[in-house]
Amino acid sequence: MQTDETDRRILRHYLADPSLARADLAQQAGVTAATLWRRLERMEAAGLIGKPRAVIDWRKLGYEVEVSLRFTLDKTDPRAFDEFIAAAREVPEVVAIETFLGRVDVRLNVIARDMAQYQQIYRQQILALPHIAELDALMLIATIKDGEGLPL
């Protein structure tokens with residue numbers, strides 16, 4: 001999809017404050033409400049803008065532990081990716097699944113209320129996932145920046 005400076009200006013203001021009313025967003029972006037509406041619909045239809053979703057602060061819900069697990073899969077079985085991902089989706093504490101090209105094949109973000117619960121999840125559910133060749137864990141300490149803006 002081709003974007004112009006007006007689209008990028010709308011996106012900059014939308015990213016800065018997604019909760020803005022459409023009339024306020026139009027005013028800040030310097031366009032009419034009708035222009036804003038038309039352009040947002042076009043960008044949504046093209047898949048440039050996704051549907052709004054809730055962002056949950058897991059720590060405020062009592063999940064104090066977040067671990068990023070990086071997996072290299074045994075790719076001798078052509079179904080390794082599909083079977084691994086299907087099994088990972090069944091673990092309720094897995095809040096994100098990402099695939100990569102490179103040394104790491106898949107990353108899972110896992111949350112737990114405390115280290116005892118994480119250890120239980122790790123031993124009973126994570127280690128039972130199929131086709132694991134290598135596994136590396138990174139425990140989240142703090143999130144410093146999380147999509148606060150783009151160079152638009």
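Parameters at a glance
- Residues numbered from 1 in each chain as written.
- Predicted model: local features only at pLDDT ≥ 70, side-chain atom pairs only at ≥ 80, totals over all residues.
- Heavy atoms only, no water.
- Helix = DSSP H or I, 4+ residues; strand = E, 2+ residues; numbered from the N terminus.
- Polar contact = N/O pair within 3.5 Å; in protein donor to acceptor, adjacent residues only side chain to side chain.
- Contact = heavy atoms within 4.5 Å.
- Pairing = 2+ DSSP bridges.
- Axes fitted to C-alpha atoms, helices over the stretch in contact; angles between N-to-C directions.
- Patch = residues over 30% accessible without salt bridge, like charges linked within 9 Å, V, L, I, M, F, W, Y side chains within 5 Å.
- Areas by Shrake-Rupley, 256 points an atom, 1.4 Å probe, with all protein chains shown as cover.
- Salt bridge = Lys/Arg side-chain N within 4 Å of Asp/Glu carboxyl O.
- Phe/Tyr/Trp six-rings, centres within 6.5 Å; stacked < 30°, edge-to-face > 60°.
- Lys NZ or Arg CZ within 6 Å of the ring centre and 35° of its normal.

### A short note on the side chain of Arg39
With respect to the helices, strands and loops of the structure, Arg39 is situated in helix H3 (residues 33-45). Reaching out from Arg39, the side chain makes a polar contact with the side chain of Asp4 at a distance of 2.9 Å. Once residues within four sequence positions are removed from consideration, Arg39 is found in contact with Asp4, Thr6, Asp7 and Ile10.

### A look at the sheet that holds strand S4 (residues 132-139)
Read across the open sheet, the four strands follow the order S2-S3-S1-S4; overall the sheet is antiparallel. Only two strands of the sheet have a single neighbouring strand rather than two, namely strand S2 (94-99) and S4. The mean inter-strand angle of the sheet, taken between neighbouring strand axes irrespective of direction, is 20°. With five bridges joining them, S2 and strand S3 (residues 106-112) adopt antiparallel strand pairing. Bridging from a neighbouring strand, Val94 pairs with Val110 of S3. Helix H4 (residues 80-89) contacts strand S1 (65-73), S2, S3 and S4 of the sheet and is inclined by roughly 165° relative to S2.

### So, a nonpolar patch on the surface
There is a patch of nonpolar side chains on the surface, built from Met115, Met139 and Ile141 and spanning about 330 Å² of accessible area. Position of Met139 relative to the elements: it lies in strand S4.

### What to know about the packing of aromatic side chains
In total, this model carries three aromatic pairs according to the counting rule given. On the basis of an interplanar angle of 90° and a centroid distance of 5.8 Å, the ring pair of Trp58 and Tyr63 is categorised as edge-to-face. Sitting over the face of the ring of Tyr63, Arg113 holds its NZ or CZ atom 4.3 Å from the ring centroid.

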